[in-house]
Amino acid sequence: MKWSFERKIGILVGLFFCAIAGLVFVPPIPQWSKYHNLADSRRWLEVPHFGNVMSNAGFVAAGLYGLARIFRDGLFDNSPDRVPYIVFFAGAALVGLGSGYYHWAPSNERLFWDRLPMTIAFMSFFAAVIADRIHRRVGLVWLLPILLFAGAFSLIYWQRTEAAGAGDLRFYGMVQFFPLAAIPVIFWLFRDYRYTEGKPLLLAIGWYVGSKIMEHFDLLLLGLSGGTVSGHSLKHMAAAVAVFWVLRMLNDAQNS
């Protein structure tokens, strides 16, 4: 059955409102008090929590390389389509700096600067997919700034509720995970694209999901590696690989 454009949009809007409605039934989620007690706290070369700090170098490398490909190599030939990807790769590079800043001396205050660049990367990439698969102008002109604002707001809301003694991460969780659920649905509904080829993009999502699994098994992976590397450090590396897969996707689109 061939669905109309309006029906496809209706499915996505319905998915969004289902996610919003779901938040009503989930109680406020405060920051877990033990979140900062990561498995690998070793200092080396006068750098505290060396593994978790330095493993962020991959984000900086991936972000700066992506920006270099866009500006130096003309990956988009100055097309407006490059705008959300500029924001995405800049956000990825800032993730490395913000996460390194947080892991140097973990605290809720520093965690804000770890997560803020993540929302920039999540939201700009989501806008890029929408612009490429659904509607170019809506994605680039309208949704990109709205999504970036929503990402920042989710963290400001969390920070203020945390300061009031009733922290709430529900909106940040939606900012992080709703695009992961929506993007495969967008791929299914909207088959025409210029940049967002399915395989490399799904591999990017797979690497990111894998990074979250590694984060969950932080201590276990430190033990399995003989104390070499923790799950949280591996999380940083795997998420940086996801950024490189996005760049691979854009490179393939240019060469097709």
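Refer to the structure printed above.
What comes next concerns the included structure. What you are looking at is a predicted structure, and each value in this text was computed from that prediction instead of being measured.

1. Remarks on helix H1 (residues 5–24)
Consideration 1: Look at H1: 29 Å from first C-alpha to last across 20 residues, which is about the 28 Å you get at 1.5 Å a residue.
Consideration 2: What H1 keeps buried is the set Lys 8, Leu 12 and Leu 23. All buried residues of H1 project into a common sector of 75° when viewed along the axis, lining one side. In this structure, H1 carries Glu 6, Phe 17, Cys 18 and Val 24 as exposed residues pointing more than 90 degrees from its buried face.
Consideration 3: Where the residues of H1 are buried, they touch helix H7 (170–189).

2. Details of the side chain of Asp 40
Consideration 1: In this structure, Asp 40 sits in the loop between H1 and helix H2 (50–54).
Consideration 2: Those residues within four positions of Asp 40 in sequence are excluded, and the remaining contacts are His 49, Gly 51, Asn 52, Leu 222 and Ser 230.

3. Thoughts on the packing of H1 against H7
The relative placement of two packed helices is expressed as an angle between their axes plus a distance between the axes.
Consideration 1: For the pair H1 and H7, interaxial distance at closest approach is 11 Å and the crossing angle is 155°. Compared by their axis directions, H1 and H7 come out roughly antiparallel. In this structure, the crossing between H1 and H7 has a hand that is right-handed. On the side of H1, the interface is formed by Lys 8, Ile 11, Leu 12, Leu 15, Phe 16, Ala 19, Ile 20 and Leu 23, while H7 contributes Arg 170, Phe 171, Met 174, Phe 178, Ala 182, Val 185, Ile 186 and Leu 189.
Consideration 2: Here the residues of the contact of H1 with H7 sort into 14 nonpolar, no polar and two charged.

4. Things to note about helix H6 (residues 136–163)
In an α-helix, one turn spans 3.6 residues, which is why side chains three or four residues apart end up on the same side.
Consideration 1: For H6, spanning 28 residues, the distance from its first C-alpha to its last is 39 Å, which sits close to the expected 40 Å at 1.5 Å a residue.
Consideration 2: Taken as a whole, H6 carries its principal kink of about 50° at Leu 143; the proline Pro 145 stands between one and four residues after it.
Consideration 3: Tucked inside the fold, the buried residues of H6 contact helix H4 (83–104), helix H5 (108–133) and H7.
Consideration 4: Two residues or fewer after H6 comes Gly 165, characterised by a positive phi angle close to 85°.

So, how was this worked out
Residues numbered from 1 in each chain as written. Predicted model: local features only at pLDDT ≥ 70, side-chain atom pairs only at ≥ 80, totals over all residues. Heavy atoms only, no water. Helix = DSSP H or I, 4+ residues; strand = E, 2+ residues; numbered from the N terminus. Expected span 1.5 Å × (residues − 1). Buried < 20%, exposed > 50% of the residue type's maximum accessible area, 1.4 Å probe, protein only. Arc of directions from axis to C-beta. Contact = heavy atoms within 4.5 Å. Axes fitted to C-alpha atoms, helices over the stretch in contact; angles between N-to-C directions. Parallel < 35°, antiparallel > 145°, perpendicular 65-115°, else oblique. Left-handed = near helix turned anticlockwise from the far one by under 90°. Nonpolar A, V, L, I, M, F, W, Y, C, P; charged D, E, K, R; others polar. Bend = angle between axes of the 7 residues up to and from the residue.

Geometric descriptors of this kind do not, in isolation, establish any biological role.
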